[in-house]
Amino acid sequence: MKGESMILILLGAPGSGKGTQAGVISERYGIPHISTGDIFRKNIKEGTQLGRKAKEYIDKGLLVPDEVTNGIVESRILENDCGEGFILDGYPRTTDQAQVLETYLGKMGKSIDAVLNIDVPDEQVVERLSGRFMCRCGETYHTAYKKPEVEGICNKCGKELYQRDDDKPETVIERLREYYRKTAPIIDYYNGKGLLVRIDGTPMPDKVTELIEKFLEESGYGTRR
Ligand code: AMP
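Scope of this entry: the structure provided in the associated data block. From a predicted model like this one, the values you see are computed outputs, not experimental measurements. All residue numbers refer to positions counted from 1 along the written sequence of the respective chain. Only residues with pLDDT of at least 70 get local features here, since the model is predicted, and only at 80 or more are side-chain atom pairs given and counted; chain-wide, interface and lining totals rely on the full set of residues. Derived side-chain values reflect all non-hydrogen atoms in the structure, with water molecules and hydrogen atoms excluded from consideration.

### Remarks on the pattern of salt bridges
- A carboxyl oxygen of Asp or Glu within 4 Å of a side-chain nitrogen of Lys or Arg is what we treat as a salt bridge. Taken as a whole and judged by the stated rule, the model has 22 salt bridges.
- Between Lys55 and Asp59 there is a salt bridge whose closest N-O contact spans 2.6 Å.
- Remark: exposure states derive from per-residue accessible area (1.4 Å probe, protein chains only) relative to the maximum for the residue type, with buried under 20%, exposed over 50%, and partly exposed in between. Residue class for Lys55 comes out partly exposed when judged on its relative accessible area of 32%.
- Three or more residues are tied together by salt bridges with common partners; here these are Arg132, Arg164, Asp166, Asp167 and Arg175.

Right, dumping it as structure tokens:
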């Protein structure tokens, strides 16, 4: 392991597979996977005030305002399990969030090690999102790439699969618009800081994981699990 900790950001359009990759890398390197989308969905399910606020935006395919999102990330990265690093998935999504994150990390005496941009062409993104089905246990499936053994049922826990409301076609288009309007500019932002690494997100998930691990190994980060 290089240094004391590893702080990674996974960037990519909706449906690029960044959540899947963040999950695998988190397990292999033993550092937490922090997904702002998952935090919002948990709050929506629990009916919290934050969940109600976030839902107003998520259902329309829009980004939740920065003042709501930044605070959640700040308190999460201060938790004890983040001491040896963490993987951010879906945050930052605006240049303002990127700058705020730097301030938070600076206060903690930490900095970002790498920003991995999982690159997938638009046509594939739309196809991936509209065929995606989820299980409440966290597994994800796809009608073309990862079919469950029994249609509509999770292989792992046997529960019924569902489609995320924001994966419905009308919302997918708005999410992509938001991505190009607000998130894509941070690719240049991190490139300018010499932190950006392009990862080809078009192969099957295992192959994409290999590409990420190859980069991490070459950069001196060894797996710990
Ligand atoms: P995700 O699971 O990362 O695709 O996120 C689902 C939705 O949650 C997004 O479409 C946004 O509406 C909202 N969201 C997640 N992360 C952020 C963020 N960093 N800033 C603003 N909105 C976010």
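From this point, the narrative continues.
### Some words on the packing of helix α6 (residues 122–130) against helix α7 (residues 169–183)
- At a minimum axis distance of 11 Å, the contact between α6 and α7 shows a crossing angle of 140°. In this view, α6 runs oblique relative to α7, as classed from their interaxial angle. Viewed along their axes, α6 and α7 form a crossing whose handedness is right-handed. Each of Asp122, Val125, Val126 and Leu129 in α6 lies in contact with α7, whose residues at this interface are Val172, Arg175, Leu176 and Tyr180. Axis definition: a line fit to C-alpha positions, over the contact stretch in the case of helices; interaxial angles, taken between N-to-C directions, run 0 to 180 degrees. Starting at the N terminus, helices and strands are each numbered in turn, a helix being any DSSP run of H or I of at least four residues and a strand any DSSP run of E of at least two. Oblique is the label for any angle not under 35 degrees, not over 145, and not in the 65 to 115 range, which are roughly parallel, roughly antiparallel and roughly perpendicular in turn. Left-handed describes a crossing in which the near helix is turned anticlockwise from the far one by less than a right angle; the clockwise case is right-handed. Contacts are residue-level and defined by heavy atoms, with any inter-residue pair within 4.5 Å sufficient.

### With respect to the nonpolar core
- Joining through side-chain atoms within 4.5 Å is the link that ties buried Ala, Val, Leu, Ile, Met, Phe, Trp, Tyr and Cys residues into a set, and such a set is a nonpolar core. One finds Ile9, Ile77, Phe86, Leu88, Leu101, Ile112 and Tyr190 to be the most contacted residues of the largest nonpolar core, which totals 30 residues.
- At the level of secondary structure, the elements contributing two or more residues to this core comprise β1 (6–12), α4 (66–77), β3 (85–89), α5 (95–108), α6, α7 and α8 (185–192).
- It is α5 that contributes the most residues to this core, 5 residues altogether.

### Quick word on the site of the ligand
- Being near a molecule or strand, for a residue, means having at least one of its heavy atoms within 4 Å of it. Taken together, 16 residues form the shell around the ligand, and within it Thr36, Leu62, Gly90, Arg93 and Gln97 come nearest.
- Think of a polar contact as two N or O atoms within 3.5 Å of one another; within protein, one of them needs to be a possible hydrogen donor and the other a possible acceptor, and neighboring residues in sequence only count if both atoms come from side chains. Contact distances for the ligand include 2.7 Å between a nitrogen atom and a side-chain N or O atom of Thr36.
- In the environment of the ligand, an oxygen atom lies 3.4 Å from a nitrogen or oxygen atom belonging to the side chain of Arg175.
- Only the protein chains shown count as cover for residues, and all accessible areas are computed by the Shrake-Rupley method using a 1.4 Å probe. Contact with the protein chains hides 96% of the accessible area of the ligand, taken as 480 Å² for the molecule alone.

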